[in-house]
Amino acid sequence: MKKSVKPFIVLSISVFVAFAFLTLIYVGLKLECEKLTKEKVLTEEKLDDLKNWRTNLTAQDQALSSEERIVEIAQDELGMVRNAEQPVVMTVSKEEIDEISNAISKKYE
């Protein structure tokens, strides 16, 4: 009895095709992982740039809204002068406030 070589060839080709298919899947997944890693790094760099930009804007805002700058502009460019007088402070007792509140509420009832 002579054995046929066909089953061995079919098995060999099947193993070769399966190996090639698995290799292609591995290479494809590896390339996709590298692509995603590169995209992640670029996105992190962009996020860092945006954070730096935001920090710079905050620093500019603080510099532009500082009291020294505003006072200087008000005095030099607008001709304003600082009020030298102390603000008027009034003291009122709580009982007087209650009396006035009661009088007002009685008037509008």
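Reading the values: rules and limits
- Residues numbered from 1 in each chain as written.
- Predicted model: local features only at pLDDT ≥ 70, side-chain atom pairs only at ≥ 80, totals over all residues.
- Heavy atoms only, no water.
- Helix = DSSP H or I, 4+ residues; strand = E, 2+ residues; numbered from the N terminus.
- Rg over C-alpha atoms; globule rule 2.2 N^0.38 Å.
- Buried < 20%, exposed > 50% of the residue type's maximum accessible area, 1.4 Å probe, protein only.
- Areas by Shrake-Rupley, 256 points an atom, 1.4 Å probe, with all protein chains shown as cover.
- Lys, Arg positive; Asp, Glu negative; His and termini not counted.
- Charge placed at Lys NZ, Arg CZ, Asp CG, Glu CD.
- Patch = residues over 30% accessible without salt bridge, like charges linked within 9 Å, V, L, I, M, F, W, Y side chains within 5 Å.
- Salt bridge = Lys/Arg side-chain N within 4 Å of Asp/Glu carboxyl O.

Colleague: Is there a simple way to think about the overall build of the chain in this case?
Modeller: For the chain, the count of helices and strands is three helices and zero strands. Starting at the N terminus and walking to the C terminus, you meet the elements of the chain as α-α-α. The C-alpha atoms of the chain give 41 Å as radius of gyration, which overshoots the globular expectation for 109 residues (13 Å, by more than 25%). Buried positions account for 2% of the 109 residues belonging to the chain. Summed over all atoms, the accessible surface of the chain reaches about 11200 Å², with 63% contributed by carbon and sulfur. Distance between charge centroids for the chain: 26 Å, based on 15 positive and 19 negative side chains.

Colleague: Where do I start with a negative patch on the surface in this structure?
Modeller: Judged by side-chain charge, E44, E45, D48 and D49 come together as a negatively charged surface patch. Structurally, E44 is set in helix α1 (residues 6-64).

Colleague: Looking at this model, I keep getting lost on a nonpolar patch on the surface. Mind explaining?
Modeller: On the surface, V5, F8, I9, I13, F16 and V17 cluster together into a nonpolar patch covering about 630 Å² of accessible area. For V5, the position within the fold is in the segment before α1.

Colleague: I would appreciate a short explanation of the environment of I104 in the present structure.
Modeller: Relative to the helices and strands, I104 resides in helix α3 (residues 94-107). Taking the C-alpha atoms as reference, I104 lies 60 Å from D49; in sequence the two are 55 residues apart.

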